[in-house]
Amino acid sequence: MIKARALRWLAVPVLMLLVLCAGLAAAGGQGAAAQGARPTRTALAQVRQPRIMSINLCADLMMLTLLPRDRIYSISYLAHDRVEQLMPGADAGIPVNHGSAEDIAALDPDIILTGSFVPPAISRIAAMRGIRLVQVPEANDFAAVRALTLATGEALGAQGRAQALVRAMDAKLAWLAEHPVQKRPGIIVWSGDGGTPGAGTMSDAIINAAGGRNMGRELGSGPFVTFGIEELLMLNPDLILQSRTRWPGQSLHERLEDHPVVKRMWQGRRVAFRDPAWGCGLPQSADAAVALRRAFTGAGH
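Residues numbered from 1 in each chain as written. Predicted model: local features only at pLDDT ≥ 70, side-chain atom pairs only at ≥ 80, totals over all residues. Heavy atoms only, no water.

## Some words on the side chain of Thr-114
Of note, Thr-114 is situated in strand E4 (residues 111–114). Accessibility expressed as a relative area gives 1% for Thr-114, which makes it buried. Those residues in contact with Thr-114 that lie beyond four places of it in its chain are Ile-55, Asn-56, Ala-59, Leu-133, Val-134, Gln-135 and Val-136. (Helix = DSSP H or I, 4+ residues; strand = E, 2+ residues; numbered from the N terminus. Buried < 20%, exposed > 50% of the residue type's maximum accessible area, 1.4 Å probe, protein only. Contact = heavy atoms within 4.5 Å.)

Right, here's the structure in full:
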């Protein structure tokens, strides 16, 4: 009997020790799991601004138009020269990327702005890391610019800024429509023997909004046509639009732009324009239309 009582008294502390060890093990496992769990991007977005980068030139410009500099994580290496033409200094201090999978792995953004085409490697790494891709397709008329600006603003959490930009753009276009020109001048975008934009391009939309007639439409049915100085002389436009962009040195087609015949026949009727607002559909494209109206009004049209 004494032996049985001794065994019962011994069993109590042993049982308590086993319960204590089990509790410590469970707590340790939960702590390790909590320590090893990685917060989701959605959870991180609640405590910090999302890291937003762009790997496309037109997307760069749209993002810089919509967001303050401190909200932009990285832009493409192509952006700087175009930014200097359209909004000087807006990209100062912003890191650049080359749109590679390595760049994305190193920067680990939350949102990536791309063009219409997304490289397969980018799609794969974005899917693996839970990165959101926002496509910024080309806009070839002002209706598309309006829709693209609002959609991109919503995707980036900049709805108010996007709406303000669209209102300002529409006000400028409305002013142009309410003050039509008496005679629509024939205008062509011509850079030597380079491509001339025809129908279905942002350049065509800008010329039409300004009150001009895009003579590139008369040269072919596609969005771009190519022709030389002989065809230019036969076409005889009222104004020639030429890019302001100039790189070191001079290419052969840039020499054609400054051909003595062109200088003589279109003296005072050659208008320089800024590439970004003509090539990328942006709210600033309305400013390009207003500037073009002033240019051909000043030239007597």
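## Considering the environment of Asp-70
The topology assignment puts Asp-70 in the loop between helix H3 (57–66) and strand E2 (72–76). Taking the C-alpha atoms as reference points, Asp-70 and Gln-49, 21 residues apart in sequence, are found 9.8 Å from one another.

## Looking at the pairing of strand E6 (residues 186–189)
Where burial is concerned, the two faces of E6 agree: the one with Gly-186 and Ile-188 and the one with Ile-187 and Val-189 are both buried. Taken together, the two bridges between E6 and strand E8 (residues 213–214) define a ladder with parallel strand orientation. When the sheet's bridge partners are listed, Ile-187 is paired in E8 with Asn-214. Inspection of the sheet shows E6 paired to strand E10 (residues 239–243) by three bridges, in the parallel sense. Each residue of the ladder has a partner; that of Ile-188, found in E10, is Ile-240. (Pairing = 2+ DSSP bridges.)

## Here's the deal with the packing of aromatic side chains
Per the counting criterion, the structure on display carries one aromatic pair. The interplanar angle of 45 degrees and the centroid separation of 4.8 Å between the aromatic rings of Phe-273 and Trp-278 together place this pair among those described as tilted. By the burial criterion, Phe-273 is buried, and Trp-278 matches it. (Phe/Tyr/Trp six-rings, centres within 6.5 Å; stacked < 30°, edge-to-face > 60°.)

## Considering helix H6 (residues 120–129)
Within the sequence span of H6, burial applies to Ile-122, Ile-125 and Ala-126. Each buried residue of H6 lies within a common arc of 100 degrees when the element is viewed along its axis, so the set occupies one face. Exposed residues on H6 whose side chains face more than 90 degrees from its buried face are Arg-124, Ala-127 and Met-128. For H6, the elements touching its buried residues are helix H5 (101–107) and strand E5 (132–135). Downstream of H6 by a residue or two, Gly-130 has a phi angle that is positive, lying close to 70 degrees. (Arc of directions from axis to C-beta.)

## A word on empty space enclosed by the protein
Within this structure, the stated rule accounts for one cavity of 30 Å³ or more. Taken together, Cys-58, Met-62, Val-136, Pro-137, Glu-138, Ala-139, Leu-148, Cys-280, Gly-281 and Leu-282 form the lining of the largest cavity. By residue class, the composition of the lining of the largest cavity is eight nonpolar, one polar and one charged. (1 Å grid on protein atoms, 1.4 Å probe; cavity = no way out; pocket = protein on both sides within 12 Å on 5 of 7 lines; lining within 4 Å. Points joined across faces, edges and corners; volume = space filled by probe spheres on them. Nonpolar A, V, L, I, M, F, W, Y, C, P; charged D, E, K, R; others polar.)

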